[in-house]
Structures are given as structure tokens and as C-alpha cells.
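So you can see what is in the structure, the chains are spelled out below.
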Amino acid sequence: MNDHPEQREGTALPATLPVTDRTRHRRLREQGSLDRADLEAVLDAGFVCHLGVVVDGSPMVVPTVYGRDDTHLYLHGSVASRSLAADPEAPVCVTVTHIDGLILARSVFEHGVSYRSAMIHGVPRPVTDPEEKLRGLRLLTEHATPGQWDYARRPSRKELAATTLLALSLAEASVKVAAGPPDDGTGPDAALGIWAGNLPLTAAWGAPVPDPLLPAGIEPPRHIAGRSGTRQG
């Protein structure tokens, strides 16, 4: 199998994730998935990723926001651009992780974390075309706050020129999901009389807090106010 999958512009990606040297599940294979729908679910549940890149010979992992379409991840990447300027073929790794809780076993060795994670590998492409940059920024904005692109002022030409946006193909990626009860319920430690189970972790949006300089009478729009109390991720 090709260890460096390439995707032609405008072509759909396969429903099954390819297995490459970088995406092969070597440990805890039962937690891995090759279903592209699972990758998309992990990406859609969040809006912050960590971009791993080598800059001036040193590794850096930078948190940044992202958005996606069916074939690409769009992300702010000024740090990565420094690396790409020196080496246009420099690969990066982007990770997205959601923590859903703790798996608390009878022994410390069997403890674990309930999580959903994705890793995307490839060589990013700086987005220079104004129309694509505007589309990518819309995807990024709407991914974090649906409805905000049509509500707020859109970027000016000067702001677009000052914005660094990268496009990273979703062709090469891996997914892992860990869930369920501890693994020691049928082993010798079951006789210890120690509580074991799951401790879920959830995050929810709070009530909107207005800018102190906001004039009286300007209420948050429905697409923002309506998220209060809803689960994030």
C-alpha cells in the first residue's frame, strides 16, 4: 500500500482511511478505526488542534483553531509557514483530542482515559488565492461559531493579506477511541473490594458575557445565546 497517499484537487477521499507507516496502529489496535466518518466526527467535535512542526531545527507543538471541508483541514499556521519557507516539503502532524473521562480500575496499572483522538499527517499548502483564503476562513469561523460569519464584519483585503492560512489534506490520518469499563473486572483484582468504573468529564457553554465597552441594548444574537448550556464536543 502506498505510504504517501496523494489527493488530487477536487477528488473525493475514500471512505476507508489508508494504512501507512505513519498511521498504522501498532499499540492498542482495538482502539483504532479506519472509518473516515470517525475521523470527521472527531474533527467536528472540536475546534482547537495542535500543530506539530520543526522550526529552525527544533520541534514545536502549537495550539491553533481549524475548520474543514470534505478533503482539507484549514488552520492558522504562521509558525508552520516559517518552516515551509525554509523547506516547502516539510511534513507536519496535526492532532485533535477530546477527553471524555477517566477509566478507574482496581489497580493503578489498569487505569486509563476515555478519549477520542485523530492525527493528520502531510505537507501543508499555504493558501494564497484570495477566494480560497476567504472560503477557508469562513470554514474556520463557522466551525467554531456557526452563524458568526454572516453576523460579524468579514476580513478586509488588508486583514486577509496579514493572515496565514494553511490547507492540509485529510488523505493520511489515523483515529483512536478509548471507552468502556476497566479491564480488570474478571481478573484477580476483582476480589479486592475496590470501587472501579468510569468518571465522565463533560464541558458545556456558559452564558455569553458582554464586552464591558458594549453599548447598552445590544443583545447576543440567537446563534451565540442559543449555545448556552449546550455540550461542547
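Fair warning: this is a prediction, and the values are worked out from it, not measured in the lab.

**Student:** Looking at this structure, I do not really get the overall build of the protein chain. What am I missing?
**Tutor:** Helix and strand counts for the protein chain come out as five helices and 10 strands. Projected onto the principal axes, the alpha-carbon positions of the protein chain cover approximately 70 × 55 × 35 Å. Going through the 233 residues of the protein chain one by one, you find that 35% of them count as buried. Excluding contacts between residues fewer than 6 apart, the proportion of contacts in the protein chain whose partners are at least 24 apart in sequence is 70%. Of the roughly 14,000 Å² of accessible surface on the protein chain, a fraction of 57% belongs to carbon and sulfur atoms. Looking at charge distribution, the protein chain has the averaged site of its 23 positive side-chain charges lying 3 Å from that of its 28 negative ones.

**Student:** Hey, could you run me through helix H1 (residues 36-44) in this one?
**Tutor:** Since one α-helical turn is 3.6 residues long, residues separated by three or four positions face the same way. Along H1, the residues classified as buried are Arg 36, Leu 39, Val 42 and Leu 43. Buried residues of H1, seen end-on, are gathered within an arc of 120 degrees and therefore sit on one face of the element. Its buried side turned inward, H1 meets strand S3 (58-68), strand S4 (72-76), strand S5 (92-104), strand S6 (112-122), helix H3 (130-144) and strand S9 (172-178). A side-chain oxygen of the first residue of H1 lies 2.9 Å from the backbone nitrogen of Ala 37; this N-cap is Asp 35.

**Student:** Teacher, can you tell me more about the nonpolar core here?
**Tutor:** Burial of nonpolar side chains together is a common tendency in soluble globular proteins. In terms of nonpolar packing, the biggest core is built from 27 residues, with Leu 39, Leu 43, Tyr 66, Leu 73, Leu 75, Val 94 and Ile 120 touching the most fellow members. Put simply, the parts of the chain that give this core at least two residues each are H1, strand S2 (48-55), S4, helix H2 (78-86), S5, S6, strand S8 (165-169) and S9. Sorting elements by how many residues they give to this core places S2 first, with four residues. The contact partners of Val 94, leaving out residues within four places of it in the chain, are Cys 49, His 50, Leu 51, Leu 73, Leu 75, Ala 118, Met 119, Ile 120 and Leu 168.

**Student:** Can you help me understand unusual backbone geometry in this one?
**Tutor:** Of all residues except glycine, most have a negative phi; of all peptide bonds, most are trans. Look at Asp 56: it is not a glycine, yet its phi comes out positive at around 55 degrees. When you line up the elements, Asp 56 lands in the loop between S2 and S3.

**Student:** I would appreciate a short explanation of the environment of Ser 78 in the present structure.
**Tutor:** Mapped onto the fold, Ser 78 is located in helix H2. Sequence separation between Ser 78 and Ser 33 is 45 residues; the distance between their C-alpha atoms is 31 Å.

**Student:** Please explain the packing of aromatic side chains as it appears in this structure.
**Tutor:** Any two aromatic rings considered together are summarised by their centre-to-centre distance and by the angle between their planes. Going through the model one piece at a time under the given rule, you end up with one aromatic pair. Ring geometry for Phe 47 against Trp 205: centres 6.1 Å apart, planes inclined by 20 degrees, an arrangement best described as stacked. Linking Phe 47 in the loop between H1 and S2 with Trp 205 in the loop between strand S10 (197-200) and helix H5 (222-225), this pair joins segments that are 158 residues apart in sequence. Of the residues examined, Phe 47 reaches a relative accessible area of 24% and is grouped as partly exposed.

**Student:** Even after reading the chapter, I still don't get the pattern of salt bridges, so can you show me in this structure?
**Tutor:** Pairing between side chains of opposite charge can happen when their charged atoms approach one another. Evaluation of the coordinates by the stated rule reveals 11 salt bridges. Asp 44 is paired through a salt bridge with Arg 68; the nearest N and O atoms lie 2.8 Å apart. Residue Asp 44 is located in helix H1, and its partner Arg 68 is located in strand S3; the two are separated by 24 residues in the primary sequence. The class of Arg 68 is buried, set by a relative accessible area of 15%. Through salt bridges that share partners, Asp 100, Arg 116 and Arg 231 make up one connected network.

Reading the values: rules and limits
- Residues numbered from 1 in each chain as written.
- Predicted model: local features only at pLDDT ≥ 70, side-chain atom pairs only at ≥ 80, totals over all residues.
- Heavy atoms only, no water.
- Helix = DSSP H or I, 4+ residues; strand = E, 2+ residues; numbered from the N terminus.
- Buried < 20%, exposed > 50% of the residue type's maximum accessible area, 1.4 Å probe, protein only.
- Contact = heavy atoms within 4.5 Å.
- Areas by Shrake-Rupley, 256 points an atom, 1.4 Å probe, with all protein chains shown as cover.
- Lys, Arg positive; Asp, Glu negative; His and termini not counted.
- Charge placed at Lys NZ, Arg CZ, Asp CG, Glu CD.
- Arc of directions from axis to C-beta.
- Polar contact = N/O pair within 3.5 Å; in protein donor to acceptor, adjacent residues only side chain to side chain.
- Core = buried A, V, L, I, M, F, W, Y, C linked by side-chain atoms within 4.5 Å.
- Phe/Tyr/Trp six-rings, centres within 6.5 Å; stacked < 30°, edge-to-face > 60°.
- Salt bridge = Lys/Arg side-chain N within 4 Å of Asp/Glu carboxyl O.

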